[in-house]
Amino acid sequence: MRFGTVPVADSAGLISAHTVRRADITLRKGAVIAAEAAAGLARAGLSEIVAATLEPGDVGEDAAAARLAARLRGPNLRVEAPFTGRSNLFAETAGVLTLDPARIDAVNAVDEAVTVATLPRFRPVVEGEMVATVKIIPYAVPGAVLARACAAAEGDVLAVVPYRRRRVAVVSTRLPSLKETTIDKTLRALADRLAPAGAAIVAETRVPHAAASVAASLAEMIDRAGADLVVVFGASAIADRRDVIPAGIAEAGGRVDHLGMPVDPGNLLLVGARGGVPVIGAPGCARSPKENGFDWILHRLLADLTVTRADIVALGVGGLLMEIVSRPQPRAGGAAAADEPDPGAEDRHA
């Protein structure tokens, strides 16, 4: 593509690089210059104009954006018609966005003329939400450049995995220090988290803070209530793999896949399963409606995405989240913090 100043008399059929206004003529940026407009601008005293000229093999910005967006599109995504070199991708269903960061990087590395921006990997999305945008920077790109970008985007680089687990059960353990109203608020916060996924609490029970009680409750929730995901809120947070909640999971015939997470708030989260049903040992911060590490794992499991130890330990970069109301200055130390309420209380002994 050639770009630069040309005589107005020779500009018909070229692309206007900028918006031009003269007399009663308005030529929009990116518009093809009509012969009548060129003549009118000349009569208005304009002698030169900045314009772009496509060369053989060039692909216009809209066509290029549309082709690359179509190549990026995976299941449960739709591509809208391009405009001004941009083509947007939208979720067709509620779910979790999956993508291949290396391949997005590869597309963006092809040429400065080609860009792709996305929401973060594993972001929960709702139907109709924009998840990615393709933007072609100049008014056209060489066909060879577009071909390389499309090759880098081969396959389902972007997709939305719909929510599949909708029957959630809750086990809450009790200690004398834990108020029933706290459990009530916790259930309301969880119900609000589940609603965008089309999931709901189908059963809940409150039992003594003991491994045997947790084990019996898990069996009840899965075998009789038909839960396809169980969340355990401990009256005392999990401090070790031999603590009450992991011991109860094991006693129920389940397993603990990982304890701990490099996300704050959310460090003391447990992920396990009994049979094919995921079990989450919730950290204390999950009682708060504010976003925390629990949300990240919950939505993946609701979409039936596998969460491995490697997945969890990879969350450290970006894992330092905003403070939540129930944890004022949790990372403050020394005398200045000594008079503050213990911010990690829920995460240590609830």
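Residues numbered from 1 in each chain as written. Predicted model: local features only at pLDDT ≥ 70, side-chain atom pairs only at ≥ 80, totals over all residues. Heavy atoms only, no water.

Our focus in this paragraph is the pattern of salt bridges. Taken as a whole, this structure holds 14 salt bridges when the rule is applied. Between R2 and E55 there is a salt bridge; the shortest N-O distance is 3.8 Å. Linking R2 in strand β1 (residues 2-7) with E55 in the loop between β5 (48-53) and β6 (58-60), this pair joins segments that are 53 residues apart in sequence. A relative accessible area of 33% places E55 in the partly exposed class. Ionic pairing is found between R78 and E80, a salt bridge with its closest N-O pair at 3.0 Å. (Salt bridge = Lys/Arg side-chain N within 4 Å of Asp/Glu carboxyl O. Helix = DSSP H or I, 4+ residues; strand = E, 2+ residues; numbered from the N terminus. Buried < 20%, exposed > 50% of the residue type's maximum accessible area, 1.4 Å probe, protein only.)

In space, the 4 strands of this open sheet follow the order β7-β8-β12-β10, with antiparallel pairing throughout. Two strands lie at the open edges of the sheet, namely β7 (77-79) and β10 (114-118), each paired on one side alone. Pairwise comparison of adjacent strand axes, ignoring direction, gives a mean angle of 15 degrees for this sheet. Relative to strand β12 (residues 130-136), β10 runs antiparallel, the two being bridged by 5 bridges. Among the inter-strand pairings, V114 is bridged to a residue of β12, identified as I136. (Pairing = 2+ DSSP bridges. Axes fitted to C-alpha atoms, helices over the stretch in contact; angles between N-to-C directions.)

Let us now look at the confidence of the model for the protein chain. The predicted model of the protein chain has a mean per-residue pLDDT of 90, with 92% of residues at 70 or higher. This model gives residues 334-350 a pLDDT under 50, and the stretch forms 34 contacts once residues within four places in sequence are excluded. (pLDDT = per-residue confidence, 0-100. Contact = heavy atoms within 4.5 Å.)

Taken as a whole, this structure holds 1 aromatic pair when the rule is applied. Here the guanidinium or amino end of R300 rests over the ring plane of F122, the centre of that ring lying 3.8 Å away. (Phe/Tyr/Trp six-rings, centres within 6.5 Å; stacked < 30°, edge-to-face > 60°. Lys NZ or Arg CZ within 6 Å of the ring centre and 35° of its normal.)

On to the sheet that holds β5. Read across the sheet, 3 strands follow the order β1-β5-β2 without closing on themselves; strand pairing throughout is antiparallel. Each of the sheet's edge strands pairs with one partner strand only, and the pair in question is β1 and β2 (15-16).

Side chains of a nonpolar character, in soluble globular proteins, are inclined to be buried together. Counting 34 residues, the largest nonpolar core has L190, L229, V231, F294, I297, L298 and L302 as its most contacted members. Ranked by residues supplied to this core, first place goes to helix α8 (residues 293-302) with 5 residues. Ignoring anything within four residues of it in the chain, the contact list for V231 reads V168, A169, V170, V171, L190, I280, A282 and F294. Of all hydrophobic cores here, the second largest spans 33 residues; its members include A69, A91, V114 and V125. (Core = buried A, V, L, I, M, F, W, Y, C linked by side-chain atoms within 4.5 Å.)

Attention now moves to helix α3 (residues 101-110). Inspection of α3 places I104, V107 and V110 among the buried residues, and these make up the whole buried set. The arc that holds every buried residue of α3, seen down its axis, measures 120 degrees, which confines them to one face. Opposite its buried face, α3 presents the exposed residues A102, D105 and A109, each directed more than 90 degrees away. Tucked into the core, α3 has its buried residues touching α2 (61-72), β10 and α4 (143-152). For α3, the N-terminal capping position is held by D100, with its side-chain oxygen 3.1 Å away from the main-chain nitrogen of A102. (Arc of directions from axis to C-beta. Polar contact = N/O pair within 3.5 Å; in protein donor to acceptor, adjacent residues only side chain to side chain.)

The next point concerns α8. Burial analysis of α8 places 9 of its 10 residues in the buried class, the great majority of the element. Listed as buried for α8 are G293, F294, D295, I297, L298, H299, R300, L301 and L302. Regarding α8, its N-cap is N292, as a side-chain oxygen of that residue lies 2.9 Å from the backbone nitrogen of F294 further along. One or two residues past the end of α8 sits D304, with phi positive at roughly 60 degrees.

Another point: the side chain of N292. Following the sequence through the fold, N292 ends up in the loop between β20 (277-282) and α8. What makes N292 buried here is its relative accessible area of 0%. A polar contact is formed between the side chain of N292 and the backbone oxygen of C285, at a distance of 3.1 Å. In this structure, N292 is in contact with R193, P265, C285, A286 and L321, ignoring residues within four places of it in sequence.

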